[in-house]
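# Observations on chain architecture
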Amino acid sequence: SVPKVKVGFNRMAFTFQSKIKTEKGLQPTSLESSVAEYIFELQNSSAELGELKPLHIISAKEVEVGKGKTAVVIFVPFGQIKAFRRLQVTLVAELEKKLSKHVVIIAQRKIIPNPGKNNTVRMQKRPKSRTVAAVHDAILEDVVFPGEITDKRMRQRVDGSRVYKAVLNNKDEQALESKLDTFAGVYLALTKKKIVVEFTPSPSPIDQ
C-alpha cells in the first residue's frame, strides 16, 4: 500500500518557516524556529494578532540579563518595526508565556563607520541615522518599548568608564517595573554600554 503523506503537517512546517527570513539564508537555530512557529500559531489563533501575517523576523537570540536570568531578543526588519509595535504589547505577552522569559523586539539596523580623514575613497555622506550614537539611541527606544523615554543622561566615573541612565515615563511603571533589569541587560549585550533604567520619580507630598 502507498504510505499516506501528512500534507497538513508539511504545509504548516513550510508556513511557519516563512515567518523567519535569516540574513544570507542561514539555517534558523532551534530558538529561531520555535519563535517563528509561535508567531505562526498566534497569527492564526488570535484575531488581534492576525496582522502578523505579512510580517517576519530575521533572527532571535538569548542574552544574559543578570541574576542568572536570560531574555530572548527578536530582530525584525527595520521596515516592519512600526507594524510590530502596533501588536507588540499583546505579542510579547503571548511569547513570554510560551518561552517563560522576557522578550524584547528590536529593529535590525546597520551602523556605517566613519570613513575618517585618511580615507582616500570618495564616499557618500553618512546618514546621521547610521552613526553609532543614533543606532544605539534607536536600540534603546526599541528595548524599553512601550515605555517612553523622558530623559537620558551620561555619567563618567573616576576610572573613566561611562554609565548611562534612561528615565521612563512612570505611566508605564506598573507594566514594566519587573523588566528594568532586562532592559539594562539587553542594552548592554547589544551595545556594550552600561545603563540604568528607571522611572520618573513621583513627586513628594511637599512638591505637590
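The preceding data block contains the structure.
Read on for an overview of the structure. Small disclaimer: the values here were computed from a predicted structure and weren't measured.

### Some words on helix 3 (residues 81-99)
Because each turn of an α-helix spans 3.6 residues, side chains separated by three or four positions end up pointing in the same direction. Taking 1.5 Å as the rise per residue, helix 3 with 19 residues should run 27 Å; its terminal C-alpha atoms sit only 21 Å apart, a clear shortfall. Of all the bends in helix 3, the largest measures some 70° and sits at Q88. Within helix 3, burial applies to I81, A83, F84, L87, Q88, L91, V92, L95, E96 and L99. For helix 3, the secondary structure elements touched by its buried residues are helix 2 (30-45), strand 2 (69-76), strand 3 (102-107) and helix 4 (132-144). Just beyond helix 3, the residue with positive phi is S100, at close to 55°.

### Considerations on the packing of helix 4 against helix 6 (residues 180-191)
Contact geometry of helix 4 with helix 6 gives a least axis separation of 10 Å together with a crossing angle of 150°. Classified by the angle their axes make, helix 4 and helix 6 are roughly antiparallel. Where helix 4 crosses over helix 6, the handedness of that crossing is right-handed. On helix 6, the residues that touch H136, I139, L140, V143 and V144 of helix 4 are F183, V186, Y187, L190 and T191. Residues that form the contact of helix 4 with helix 6 fall into these classes: eight nonpolar, two polar and no charged.

Procedures and definitions
All chains use their own residue numbering, which begins from 1 and follows the written sequence. Local features in this predicted model are restricted to residues of pLDDT 70 or higher, and side-chain atom pairs are both shown and tallied only at a pLDDT of 80 or more, whereas totals for entire chains, interfaces and linings draw on every residue. The basis for every side-chain value is the complete set of non-hydrogen atoms in the structure, without hydrogens or water. Helix numbers and strand numbers start at the N terminus; a helix is a DSSP run of H or I with at least 4 residues, a strand a run of E with at least 2. Here the expected length of a helix is defined as 1.5 Å per residue gap, with one fewer gap than residues. Given a residue, its bend is the angle between the two axes fitted to the seven residues that end at it and to the seven that start from it. Here the term buried applies to any residue with accessible area under 20% of the maximum for its type, exposed to any over 50%, and partly exposed to those in between, with areas from a 1.4 Å probe on protein chains only. A contact between two residues is defined here by any heavy atoms of the two lying within 4.5 Å. Here an angle of 0 to 180 degrees is reported between the N-to-C directions of two axes, which are lines fitted to C-alpha atoms, with helices fitted over the stretch in contact. When an angle is under 35 degrees it counts as roughly parallel; over 145 it counts as roughly antiparallel; between 65 and 115 it counts as roughly perpendicular; any other value is oblique. Crossings are sorted by hand: turned counterclockwise from the far helix by less than a right angle, the near helix makes the crossing left-handed, and turned clockwise it makes it right-handed. Under this grouping Gly is polar, as are all residues other than the nonpolar Ala, Val, Leu, Ile, Met, Phe, Trp, Tyr, Cys and Pro and the charged Asp, Glu, Lys and Arg.

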